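# A look at the structure
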Amino acid sequence: AQSVTQLDSHVSVSEGTPVLLRCNYSSSYSPSLFWYVQHPNKGLQLLLKYTSAATLVKGINGFEAEFKKSETSFHLTKPSAHMSDAAEYFCVVSDSRGGADGLTFGKGTHLIIQP
Amino acid sequence: DGGITQSPKYLFRKEGQNVTLSCEQNLNHDAMYWYRQDPGQGLRLIYYSQIVNDFQKGDIAEGYSVSREKKESFPLTVTSAQKNPTAFYLCASSIGEPSTDTQYFGPGTRLTVL
């Protein structure tokens, strides 16, 4: 069985300061990992994904994440927060068996940007 | 513009009624999905379809039904057997294999039972 844990339900940062959203996973297989963002009352949009290529993955809007197998982590970072980054962020793990039932979504981290 | 559309945006249902949520995509994607989102929880898979005329149950299929008669369309019916249907429903699609392919999401339908 696989699982994903987003360690913080809420994160608050000031505009212009770094963002760190933490995600830990467990998987019996070689996982693929995703970060999605959801703005209020909208669908989800892919920020970035790791599928066994480079461990440092760059995404849209200045976000990046590093796959650390030894720590079973896939934390999302951004050097400087912008007001438009305020949203819900979901970490998703997918095992290599395939199929939509192999995807597990984290419960989400609500990112608050203080002016 | 290519994308996924869901309608209606808001839907109200009385107890004992069936309702159908629409999902249409013009991305030429083979795979389509329905998720349910409740406050403070991640998305949970209701049904998915990897090709036309075929679909599989997800984690919480009880009380829901789907059809996939056309590649572009994947409607979800919430039946009266679903005991707690009030939630935000998201439809998504992907080119193929969901374990590695990006999923593209619609804007969602918020269903409220009166």
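Scroll up to find the structure this text is about.
Below you will find a few notes about this structure. (Residues numbered from 1 in each chain as written. Chains lettered and ligands numbered in written order. Predicted model: local features only at pLDDT ≥ 70, side-chain atom pairs only at ≥ 80, totals over all residues. Heavy atoms only, no water.)

## Focus: the interface of chain B and chain A
Put simply, the rule is: Contact criterion: two residues are considered in contact whenever any of their non-hydrogen atoms come within 4.5 Å of each other. Summed over both partners, the accessible area lost on bringing two parts together, with a 1.4 Å probe, is the buried area. A pairing counts as a salt bridge when a side-chain nitrogen of Lys or Arg comes within 4 Å of a carboxyl oxygen of Asp or Glu. What qualifies as a polar contact is a pair of N or O atoms within 3.5 Å, subject to a donor-acceptor requirement within protein and to the restriction that residues adjacent in sequence count only when both atoms come from side chains. Runs of H or I in DSSP of at least four residues are treated as helices and runs of E of at least two as strands, each being numbered from the N terminus.
Tallying the contact residues gives 22 residues for chain B and 22 residues for chain A. Between chain B and chain A, the buried area comes to about 1800 Å², and carbon and sulfur atoms account for 55% of it. In this assembly, chain B and chain A are joined by zero salt bridges. Put simply, chain B and chain A have five residue pairs in polar contact (both at pLDDT 80 or more) between them. Contributing elements (two or more residues each) for the side of chain B that touches chain A: β4 (31–37), β5 (43–51) and β9 (87–94) of chain B.

## Some points on the pairing of strand β2 (residues 10–13) of chain B
Residues and elements named next belong to chain B. The condition is simple: In this scheme, a residue with accessible area under 20% of its type's maximum is buried, one over 50% is exposed, and one in between is partly exposed, where area comes from a 1.4 Å probe on protein chains only. In this scheme, strands are said to pair when DSSP sees at least two bridges between them.
Residue alternation in β2 divides its side chains into a buried set, Leu11 and Arg13, and an unburied set, Tyr10 and Phe12. Taken together, the four bridges between β2 and strand β11 (residues 109–113) define a ladder with parallel strand orientation. Residue pairing across strands places Arg13 opposite Val113, the latter belonging to β11.

## Here's the deal with the pairing of strand β6 (residues 54–57) of chain B
Residues and elements named next belong to chain B. Both β5 and β6 contribute to a ladder of three bridges, which runs antiparallel. For Tyr48, the partnering residue across the bridge sits in β6 and is Gln56. Where β5 folds back onto β6 in an antiparallel hairpin, the turn is made up of two residues, including Asn53, whose phi is positive at roughly 65°.

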